[in-house]
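# Observations on chain architecture
Letter by letter, the chains look like this.
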Amino acid sequence: MQKILVARSIFPDVIERLKQYFDVDSNQGDVLAADELKRRLADKDGALTAGEPIDASVLAAAPRLRVVSNMAVGYNNFDMAAFNAANVLGTNTPDVLNESTADFGWALMMAAARRIAESEHWLRAGKWQKWSYDGFLGNDLYGSTLGVIGMGRIGQALARRAKGFNMQVLYHNRSRVAPEIEAELNAEYVSKQDLLRRADHVVLVVPYSKESHHTIGAAELALMKPTATLTNIARGGIVDDAALVEALRSKQIAAAGLDVYEGEPHLNPGLLSVPNVVLTPHIASATEATRRAMANLAADNLIAALGEGPRAGQAPNPINPDVIGKARS
Ligand code: GLV
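Identification of the protein as D-glycerate dehydrogenase from Paraburkholderia panacisoli is taken from an unreviewed UniProt entry. Comment text from UniProt for the protein, heading Sequence similarities (unreviewed entry), reads "Belongs to the D-isomer specific 2-hydroxyacid dehydrogenase family."

Once that is clear, we can look at the nonpolar core. Within the largest apolar cluster, 30 residues are counted, with the highest numbers of intra-cluster contacts made by Trp106, Leu146, Val148, Met151, Leu158 and Ile233. Take this core: its biggest share by element is 8 residues, from helix α5 (residues 98-113). Setting aside chain neighbours within four positions, we find Ile233 in contact with Thr101, Phe104, Gly105, Leu108, Ile154, Leu158, Val203, Leu204, Val205, Asp259, Val260 and Ala284. Counting residues in each nonpolar core, the second largest holds 29 residues, with Leu170, Leu221, Val245 and Leu248 among its members.

Take the domain arrangement of the protein next. If you check the domain split of the protein, you get domain 1 (3-94 + 288-323) and domain 2 (98-279). Once you take the C-alpha centre of each, domain 1 and domain 2 turn out to be 32 Å apart. The interface is formed by 6 residues belonging to domain 1 together with 5 residues belonging to domain 2. Linking domain 1 to domain 2 there are 0 salt bridges. On inspection of domain 1 and its partner domain 2, the count reaches 2 residue pairs in polar contact (both at pLDDT 80 or more). Grouping the constituent residues of the side of domain 1 that touches domain 2 by class yields 3 nonpolar, 3 polar and no charged.

So, about the packing of aromatic side chains. Overall, the coordinates contain 5 aromatic pairs when judged by the stated rule. Seen in terms of ring centroids, Trp106 and Phe165 are 4.7 Å apart; in terms of plane orientation they differ by 35°. Their pairing is tilted. Of this pair, Trp106 sits in helix α5 while Phe165 sits in the loop between α7 (153-160) and β7 (168-172), and the two are 59 residues apart along the sequence. Above the ring of Phe11, the side-chain terminus of Arg292 is found at 4.3 Å from the ring centroid.

Across the sheet, which stays open at both edges, the 5 strands sit in the order β2-β1-β3-β4-β5 with parallel pairing between neighbours. Lying at the two open borders of the sheet, with one neighbouring strand each, are β2 (22-26) and β5 (89-91). Pairs of neighbouring strands in the sheet enclose a mean axial angle of 20°, with direction left out of account. Sitting on the sheet, helix α2 (residues 34-41) touches β1 (2-6), β2 and β3 (46-49), and the angle it makes with β1 is about 160°. Against the sheet, helix α13 (residues 288-305) contacts β1, β2, β3, β4 (67-70) and β5, and its axis sits at roughly 170° relative to β4.

For the rest of this paragraph, the subject is the pattern of salt bridges. Across all of its chains, the model carries 24 salt bridges by this definition. The partner of Glu220 in a salt bridge is Lys192, and the shortest N-O contact between them spans 3.6 Å. Placement of Glu220 in helix α10 (residues 218-223) and of Lys192 in helix α9 (residues 192-198) is noted, with a sequence separation of 28 residues between them.

So, how was this worked out
- Residues numbered from 1 in each chain as written.
- Predicted model: local features only at pLDDT ≥ 70, side-chain atom pairs only at ≥ 80, totals over all residues.
- Heavy atoms only, no water.
- UniProt positions renumbered as here; feature names shortened; annotations may be inferred.
- Core = buried A, V, L, I, M, F, W, Y, C linked by side-chain atoms within 4.5 Å.
- Buried < 20%, exposed > 50% of the residue type's maximum accessible area, 1.4 Å probe, protein only.
- Helix = DSSP H or I, 4+ residues; strand = E, 2+ residues; numbered from the N terminus.
- Contact = heavy atoms within 4.5 Å.
- Domains from an automatic or database assignment.
- Salt bridge = Lys/Arg side-chain N within 4 Å of Asp/Glu carboxyl O.
- Polar contact = N/O pair within 3.5 Å; in protein donor to acceptor, adjacent residues only side chain to side chain.
- Nonpolar A, V, L, I, M, F, W, Y, C, P; charged D, E, K, R; others polar.
- Phe/Tyr/Trp six-rings, centres within 6.5 Å; stacked < 30°, edge-to-face > 60°.
- Lys NZ or Arg CZ within 6 Å of the ring centre and 35° of its normal.
- Pairing = 2+ DSSP bridges.
- Axes fitted to C-alpha atoms, helices over the stretch in contact; angles between N-to-C directions.

Following this line, the structure appears as structure tokens:
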């Protein structure tokens, strides 16, 4: 039997599925430190990860490893150049999380615009004495302008929901999406600067890469309206969190909703001290159904890519399919 490591705890029934095909070493405890990860991968043929960094040094420590299946759509924890050099296949879990993540983007955006977290904290602190005409005034979503940065599958799911709010949709992306998608979403392609100047609510849905690092920093925040909100459901590092703290503190923008952070699970301490930001712990895809679908898809990828199960050899979501069939190097 081939050996695999499940690096992060997942649903027990998914582990049971994997045990039908593999000798499973499963970590149900804390996140594995780099040395421990290397030690546990030393004799493994495959691994299931959820954000663990896998680079050339990890691959070098795991000479048998042929497949790493990430339980996430984003795979910036994989050094794909190292994967390609070593002929190791990476897989991810796209699509199954689109709708839950788009729902959550809206939840954060609405909470930021309507000051839901801020007012709830105030209420819980026993500060509510009377109803007041100017208590927690926010900014409308209905009839406003949505700016989506990153018009991939999740960005499109997010923009589709704007119809019900009668919103104008602006988007920016590395490349324009197909005209029929623009027409369906009633979305206008604009430059990033134009989007930031015109949008009332900006949502970030771009994958993290060196190129997308600090897509939003001080210069970009300075272009936004003082009534605007910024929501990040993409990855930490897309926003310069220190610059955002300053923009929130000085009311350069009205509010922000964040699900992801630079250096998470540690946060820039400034974020904890500004009231006009809604903070959630990387849970945009976290519904029971979607997390189960992601875990099962990650298992499907690993099972198939290691030549087992009904789809042997045909992993549904290969990131670097060119390495399939090549000997590990
Ligand atoms: C979660 O962050 C994912 O990339 O799926």
